[in-house]
Amino acid sequence: MKSRPFPFDDTQSPVDVPPPIPALSWAGALSPLLLVPMAIPVLVALFAPDNVLDLWPWARRFTACVQRMVPFMNMSAHANSTVFPQVALLAHSLTVALIPVLSLVWTVQSVAVYPQNLARRSALGRMPVKQHLMVLLSPLLFLGSIYFFIAIPGDPSFGKGFTTHSRGGFAFLTACGLYPTTMGLGAQLANIRIFIDTYLKPRA
């Protein structure tokens, strides 16, 4: 019996490629469902008063709760090396708390738009296996970056004072860590499904 071919032929030229999901739509990469929560630690880093934990007892309780959730990470290590330790501690705590929330949002979005993304992949050809592996392993890199940002005092080697003396630099690195980390975690289900549908499933 003749075996059936895979549904995706890498030798075919892309024809009638469906448009990508609009970035600013509810299911897009810049969805308000992502940007609004992500803005919270950034806005705290930029505008919260230096004594925010003294002013807002609930914020102090929140940071203590997050620390209990991640006992392997000293949430105050980097914060205490800044000139705004209470602000930094609250922003770091919000970042850690938002990682599972935003990862879930990314996952739900990827499920909702999967048919469209599969149709695009059908037209464009399947992704190389190494690209699937990069997506699979990317959360380890990004989670490691967030860990080192929070748990190690001082600034990154490329910028003295960039996060310890500058709220803008601190907020920038917070956003740069939170967005790709949650996107990488939220992309795992879609990445696995795309691999199965393009490499393992024969044409119906």
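In the block above lies the structure referred to throughout.
Given the structure is predicted, the values throughout are model-derived calculations rather than measurements.

## Description of the overall build of the protein
Helix and strand counts for the protein stand at eight helices and zero strands. Along the protein, helices and strands appear, N-terminal first, in the series α-α-α-α-α-α-α-α. What you see for the protein is a C-alpha radius of gyration of 21 Å, clearly larger than the 17 Å of a compact globule of 204 residues, by over 25%. Counting only C-alpha atoms, the protein reaches 75 × 30 × 30 Å along its principal axes. Here the protein holds 204 residues, and 39% of them are scored as buried. Put simply, 80% of the contacts in the protein that link residues at least 6 apart link residues at least 24 apart. Counting only carbon and sulfur atoms, one obtains 71% of the accessible surface of the protein, whose full area is about 11500 Å². In the protein, 14 positive and 7 negative side-chain charges are present, and the distance between their average locations comes to 7 Å.

## Topic: the packing of helix α4 (residues 85-112) against helix α5 (residues 114-124)
Across the interface, α4 lies against α5 with an axial gap of 5 Å and an inter-helix angle of 65°. Residue-level contacts link S110, V111 and A112 of α4 to Y114, P115 and Q116 of α5.

## Points about the layout of surface pockets
In this structure, the largest pocket spans a volume of roughly 860 Å³. Taken together, 28 residues line the largest pocket, and the ones lying closest to its centre are S110, N117, M183, A187 and A190. Taken together, the elements giving at least two residues each to the lining of the largest pocket come down to α4, α5, α6 (129-151), α7 (167-186) and α8 (188-200). Along the lines of polarity and charge, the residues of the lining of the largest pocket split into 17 nonpolar, nine polar and two charged. Space inside the second largest pocket adds up to approximately 320 Å³. When residues of the lining of the second largest pocket are traced back to their parent elements, those giving at least two are α4, α6 and α7. Looking at the lining of the second largest pocket residue by residue, the class counts come to 14 nonpolar, eight polar and one charged.

## Quick look at the pattern of salt bridges
All told, the structure shown has two salt bridges when counted by the stated rule. Across the salt bridge formed by D50 and R167, the nearest N and O atoms sit 2.5 Å from each other. Here R167 lies in helix α7 and D50 lies in the loop between α1 (32-47) and α2 (52-55), a separation of 117 residues in the sequence. A residue is classified by how much of its surface remains accessible, and R167, at 18% relative accessible area, is buried. Among the salt bridges present, the one from D54 reaches R60, with a minimum N-O distance of 2.8 Å. Given a relative accessible area of 48%, D54 falls into the partly exposed group.

## Quick word on the nonpolar core
In terms of nonpolar packing, the biggest core is built from 34 residues, with V44, M73, M75, L90, V96 and F170 touching the most fellow members. Contributing elements (two or more residues each) for this core: α1, α2, α3 (57-69), α4, α6 and α7. No other element matches the 11 residues that α4 contributes to this core.

## Describing the side chain of R167
Of the polar contacts made by the side chain of R167, one reaches the side chain of D50; its length is 2.5 Å. Each residue touching R167, except ones within four places of it in the same chain, is listed here: V44, A45, L46, F47, A48, P49, D50, F84 and V87.

## Focus on the side chain of T82
Assignment of secondary structure puts T82 in the loop between α3 and α4. Owing to a relative accessible area of 7%, T82 belongs among the buried residues under this scheme. Within the structure, the side chain of T82 is placed 2.7 Å from the backbone oxygen of A79, a separation counted as a polar contact. One polar contact links the side chain of T82 to the main-chain amide nitrogen of F84, over a distance of 3.2 Å. If near-sequence neighbours (up to four positions away) are discounted, T82 is found in contact with A88, T163 and T164.

Cut-off values and rules
- Residues numbered from 1 in each chain as written.
- Predicted model: local features only at pLDDT ≥ 70, side-chain atom pairs only at ≥ 80, totals over all residues.
- Heavy atoms only, no water.
- Helix = DSSP H or I, 4+ residues; strand = E, 2+ residues; numbered from the N terminus.
- Rg over C-alpha atoms; globule rule 2.2 N^0.38 Å.
- Buried < 20%, exposed > 50% of the residue type's maximum accessible area, 1.4 Å probe, protein only.
- Contact = heavy atoms within 4.5 Å.
- Areas by Shrake-Rupley, 256 points an atom, 1.4 Å probe, with all protein chains shown as cover.
- Lys, Arg positive; Asp, Glu negative; His and termini not counted.
- Charge placed at Lys NZ, Arg CZ, Asp CG, Glu CD.
- Axes fitted to C-alpha atoms, helices over the stretch in contact; angles between N-to-C directions.
- 1 Å grid on protein atoms, 1.4 Å probe; cavity = no way out; pocket = protein on both sides within 12 Å on 5 of 7 lines; lining within 4 Å.
- Points joined across faces, edges and corners; volume = space filled by probe spheres on them.
- Nonpolar A, V, L, I, M, F, W, Y, C, P; charged D, E, K, R; others polar.
- Salt bridge = Lys/Arg side-chain N within 4 Å of Asp/Glu carboxyl O.
- Core = buried A, V, L, I, M, F, W, Y, C linked by side-chain atoms within 4.5 Å.
- Polar contact = N/O pair within 3.5 Å; in protein donor to acceptor, adjacent residues only side chain to side chain.

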